[in-house]
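Topology and contacts: notes
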Amino acid sequence: MTRVAHADTPPQSGWDIHCHTVYSDGTETPETLVAEAVRRGLHGVAIADHDTTAGWQEAEQAATRMSMPLLRGTEITAVDDGVSVHMLGLQYDPENEGIRELFAMTRRARLRRTRRMVEMIAKDYPITWDDVLAQTKQGERTTIGRPHIADALVAAGVYPTRSDAFAGAVSASSRYYIPTPSPSAADVVSAVSAAGGVSIVAHAGDPGRNRVLLSDTQIERLAKAGLGGLEVWHRGNPLEQRERLLTLAHRLDLLVTGGSDWHGAGKPNALGENLTADATVEEIIRRGCLPAIR
Ligand SMILES: [Zn+2]
Ligand SMILES: [Zn+2]
């Protein structure tokens, strides 16, 4: 394994390898992502929508047309000992059966969970599963979840707005709530490795997302299982967490990455506000199984 020396300060130029588009919860198309990357003078960009590869092709076409280097990735929601973890899986084979099955299992488990929540809510409110389905726009391709239950409750006149539904029956503290089922972080690490890709823990030290963060021991366990790196340069990681993660990365020989977590107009994060060094991206490309788009 080639070691990559990591500087202890955020890179001032390089790639933004953590970006979302309309294929998950971003507001812009992959094409706009690539055009923005060109405009901002980035060395390259990665598409990393939540739990899907649906935007890859569009991103590839745009990157080729605009000569913007591109990595292909997915931000995969996982759980490790009760701690919710976001993992970036990069440069893996999207046709790999193991990773396809992992995504399919998650979709099935989430569908069962949402149906179960609707069954419970339907005992007290005038909505049915069909009413919830009627709120989805992309049919089968949509991950049906709480926003659609909320919209069905609004359509039934129970709440005036989606936010009111989220503060009521659909809230995470309501008695109808069931947590989102997710694969274990170790399973994601092995699935991404088996599919020829590199896995990175996203915003690993963000106390705004997790009351309890992944411990050093947990990260060490994932490193032994084949984890590739830690996203250190991310607006959610406070200074002391960046220092902890850098120390861990040195000790466990993990790559250090950065990304904006851009969502277009969906979040204040600016494209390129955090970057990954060129040498680190070269190493990700070397370890991954997809040809780089340059
Ligand atoms: Zn995330
Ligand atoms: Zn993200």
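As a starting point, this report considers the structure included with it. If you're wondering where the values come from, they're calculated on a predicted model, not measured in any experiment.

1. Describing the coordination of the zinc ion (ligand 1)
Taken together, the protein ligands of the zinc ion (ligand 1) are Glu75 (OE), His86 (ND1) and His203 (NE2), with distances of 2.1 Å. Counting the intervening residues between successive donors of the zinc ion (ligand 1) yields the motif E-x10-H-x116-H. For Glu75, a relative accessible area of 1% puts it in the buried group. Exposure remark for His203: the relative accessible area of 6% places this residue in the buried category.

2. Looking at the coordination of the zinc ion (ligand 2)
Taken together, His18 (NE2), His20 (NE2), Glu75 (OE) and Asp261 (OD) make up the protein donors of the zinc ion (ligand 2), found 2.1 Å from the metal. One can describe the donor arrangement at the zinc ion (ligand 2) as irregular, given that its four donor atoms subtend angles of 82 to 176 degrees at the metal. The sequence pattern describing where the donors of the zinc ion (ligand 2) fall on their chain is H-x1-H-x54-E-x185-D.

3. With respect to the sheet that holds strand E3 (residues 70-80)
Pairing is mixed across the open sheet formed by seven strands, whose spatial order is E1-E2-E3-E4-E5-E6-E7. Edge strands, defined here as strands with exactly one partner in the open sheet, are strand E1 (15-19) and strand E7 (255-258). Going across the sheet, the axis of each strand differs from the next one's by a mean of 30 degrees, ignoring polarity. One ladder, built from four bridges, connects strand E6 (residues 229-233) with E7; its direction is parallel. Paired with Gly229 across the bridge in E7 is Leu255. Across the sheet, helix H8 (residues 216-225) touches E3, strand E4 (83-90), strand E5 (198-201) and E6, and the angle it forms with E3 is around 125 degrees.

4. Overview of the nonpolar core
Residues Met87, Val201, Ile219, Leu227, Leu230 and Leu254 are the most contacted members of the largest nonpolar core, which totals 50 residues. Those residues within four positions of Leu230 in sequence are excluded, and the remaining contacts are Ile200, Val201, Ile219, Leu245, Leu248, Ala249, Leu254, Leu255, Val256 and Thr257. Counting residues in each nonpolar core, the second largest holds 16 residues, with Val118, Leu153, Ala165 and Val170 among its members.

5. Things to note about helix H5 (residues 146-155)
Most of H5 is tucked away, with seven of its ten residues classed as buried. Within the sequence span of H5, burial applies to Arg146, His148, Ile149, Ala150, Asp151, Ala152 and Leu153. Next to the buried residues of H5 lie helix H3 (97-122), helix H4 (129-133) and helix H6 (162-167). At the exit of H5 stands Gly157, carrying a positive phi of roughly 80 degrees.

6. Digging into the packing of helix H1 (residues 30-39) against helix H2 (residues 56-66)
Packing of H1 against H2 leaves a shortest axis separation of 8 Å and a crossing angle of 35 degrees. In this structure, the crossing between H1 and H2 has a hand that is right-handed. Where H1 abuts H2, its residues Pro30, Glu31, Val34, Ala35 and Val38 lie against Glu58, Ala59, Ala62, Ala63, Arg65 and Met66. Looking at the contact of H1 with H2, its residues break down into eight nonpolar, no polar and three charged.

7. Section: helix H9 (residues 239-252)
The end-to-end C-alpha distance of H9, which contains 14 residues, comes to 20 Å, matching closely the 20 Å that a straight helix rising 1.5 Å per residue would cover. If you check which residues of H9 are buried, you get Gln241, Arg242, Arg244, Leu245, Leu246, Leu248, Ala249 and Leu252. Note on H9: the residue one or two positions beyond its end, Asp253, has a positive phi of about 55 degrees.

8. Things to note about the environment of Leu239
Its place among the elements puts Leu239 in helix H9. When the C-alpha atoms of Leu239 and Gly205 are compared, they prove to be 9.5 Å apart, with 34 residues separating the residues in sequence.

9. Some remarks on the pairing of E1
Burial runs high along E1: five of the five residues are buried. In the sheet, E1 pairs with strand E2 (residues 44-50) via three bridges, with the strands oriented parallel. Among the inter-strand pairings, Trp15 is bridged to a residue of E2, identified as Gly44. With respect to chirality, the unit in which E1 leads through H1 into the neighbouring parallel E2 is right-handed.

10. Things to note about the pattern of salt bridges
Counted by the stated rule, this structure contains 19 salt bridges. Salt-bridge contacts for Glu60 lead to Arg72; the nearest nitrogen and oxygen are separated by 3.3 Å. Of this pair, Glu60 sits in helix H2 while Arg72 sits in strand E3; the two residues are twelve residues apart in sequence, bridging distant segments of the chain. A salt bridge links Arg244 to Asp216; the shortest N-O distance between them is 2.4 Å. Taken together, the residues span a long stretch of sequence, with Arg244 in helix H9 and Asp216 in helix H8 at a distance of 28 residues. One connected set of salt bridges, linked through shared partners, spans Glu36, Arg39 and Arg40.

11. Points about unusual backbone geometry
Residues other than glycine seldom take positive phi values, yet Gln91 does so here, at roughly 55 degrees. Topologically, Gln91 is positioned in the loop between E4 and H3. Accessibility expressed as a relative area gives 0% for Gln91, which makes it buried. The phi dihedral of Asp253 is positive, around 55 degrees, even though this residue is not glycine. Within the secondary structure, Asp253 is located in the loop between H9 and E7. In this structure Asp253 comes out as partly exposed when scored by relative accessible area, which is 23%.

Calculation criteria
- Residues numbered from 1 in each chain as written.
- Chains lettered and ligands numbered in written order.
- Predicted model: local features only at pLDDT ≥ 70, side-chain atom pairs only at ≥ 80, totals over all residues.
- Heavy atoms only, no water.
- Donors = N, O, S within 2.8 Å, 3.2 Å for Na, K, Ca; no water.
- Buried < 20%, exposed > 50% of the residue type's maximum accessible area, 1.4 Å probe, protein only.
- Tetrahedral: all angles 85-135°; square planar, octahedral: opposite > 155°, others 65-115°.
- Pairing = 2+ DSSP bridges.
- Helix = DSSP H or I, 4+ residues; strand = E, 2+ residues; numbered from the N terminus.
- Axes fitted to C-alpha atoms, helices over the stretch in contact; angles between N-to-C directions.
- Contact = heavy atoms within 4.5 Å.
- Core = buried A, V, L, I, M, F, W, Y, C linked by side-chain atoms within 4.5 Å.
- Left-handed = near helix turned anticlockwise from the far one by under 90°.
- Nonpolar A, V, L, I, M, F, W, Y, C, P; charged D, E, K, R; others polar.
- Expected span 1.5 Å × (residues − 1).
- Right-handed = clockwise from strand over helix to strand, strands pointing away.
- Salt bridge = Lys/Arg side-chain N within 4 Å of Asp/Glu carboxyl O.

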